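Examining the three-dimensional arrangement
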Amino acid sequence: MRYTLLFFVPVISFSSAWVREEGEFFLSPVFNYYRAKDYYDKNGNKKPIGCTFEKKELQVYGEYGLTTKATLTFKLPYDWLKCGASENSGFSDVEIGLIRQVKKGQGYSLSFYANTLIPTGYSIRDNPRLGYGRFGLEGGLLMGFSKKAGFVDSGLGYRYYFGYPSSQIRAYATAGVNLLRNLQIITTLDLQIGLGDGERKSVGQNILLEPDYKLAQVYVGPRFILGNLSFVATYQHVFWGRNTGVGRGFNLGLWWNF
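Quick summary incoming for the structure in this document. (Residues numbered from 1 in each chain as written. Predicted model: local features only at pLDDT ≥ 70, side-chain atom pairs only at ≥ 80, totals over all residues. Heavy atoms only, no water.)

Some words on the overall build of the chain
Across its full length, the chain holds zero helices and 14 strands. Expected size for 258 residues packed as a compact globule is a radius of gyration near 18 Å; at 18 Å, the chain falls within 12% of this value. Out of the 258 residues belonging to the chain, those deemed buried represent 49%. Accessible surface, the chain as shown: approximately 11,700 Å² in total, 62% of it carbon and sulfur. Of the charged side chains in the chain, 29 are positive and 20 negative, and the gap between their average positions amounts to 5 Å. (Helix = DSSP H or I, 4+ residues; strand = E, 2+ residues; numbered from the N terminus. Rg over C-alpha atoms; globule rule 2.2 N^0.38 Å. Buried < 20%, exposed > 50% of the residue type's maximum accessible area, 1.4 Å probe, protein only. Areas by Shrake-Rupley, 256 points an atom, 1.4 Å probe, with all protein chains shown as cover. Lys, Arg positive; Asp, Glu negative; His and termini not counted. Charge placed at Lys NZ, Arg CZ, Asp CG, Glu CD.)

Listed below in structure tokens is the structure:
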């Protein structure tokens, strides 16, 4: 069974361990809503933000099969941010990447991935700000298994910014269970662990952009499969963190391969 994940597609910034067929396209428009009134401080204690932070994001994620073993990926997000009377909107960082499959067997795939994060010219003085305004590189390993009952997909990677944000270990594990012929239940565990390096600087009111943060969050929801088109709806819950929001949200996405 073929699927693709987003922060996975529709939820985090990893892609699937399976590559596309040569010449095959995959497109996924995704809408994400995130809301938080509290945040985890550096010790993991919950404290009020002082306003209600809201993030709405419309994102287009895509893949193209360059060869039978290599897939090109991209992510283009447009954000609307609000915290009290402060508002901002615009394109945040673009991501361009490559998935390279290194081994494939009966029901499994092992791949490497590499991404480049490119700022889109927004001002880092805006509040709330749209991003770090720094170029970044990310790479890692993807492993996936697919059986009649469903699939498991996982990734482990390292992200480095050319500037003050802390570098990060980023990992995810997704399980999809086939309930009916056209229905799956998908659950994803996402971990983002800042390593505490880099120069710290103030980032304003965007609680998703602290220079050194840690979080664990879960996504769960159904996937409705209609041939080459799928509809995915997931609930997002941040249940542990440091220097990040105590947030909740949802994601609505379409997956289309052609």
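Focus: the packing of aromatic side chains
How two aromatic rings sit relative to each other is set out by the distance from centre to centre and by the angle between their planes. For the structure on display, the rule yields 13 aromatic pairs. Seen from their ring centres, Tyr 33 and Phe 250 are 5.7 Å apart, and the 35 degrees between their planes marks the pair as tilted. You can see Tyr 33 sitting in strand S1 (residues 25-40) and its partner Phe 250 sitting in strand S14 (residues 248-257), a full 217 residues away along the chain. Using a relative accessible area of 34% as the deciding quantity, one classes Phe 250 as partly exposed. Through a chain of ring-to-ring contacts, the aromatic side chains of Phe 25, Tyr 64, Trp 256 and Phe 258 assemble into a single cluster. (Phe/Tyr/Trp six-rings, centres within 6.5 Å; stacked < 30°, edge-to-face > 60°.)

Side note on the pattern of salt bridges
Within this structure, the stated rule accounts for ten salt bridges. Its salt-bridge partner being Arg 20, residue Glu 24 comes within 3.4 Å of it at the nearest N-O pair. Each member of the pair, Glu 24 together with Arg 20, is buried. In this structure Arg 20 comes out as buried when scored by relative accessible area, which is 2%. By sharing partners, the salt bridges in this structure join Lys 75, Glu 95, Glu 138, Arg 159 and Arg 170 into a single network. (Salt bridge = Lys/Arg side-chain N within 4 Å of Asp/Glu carboxyl O.)

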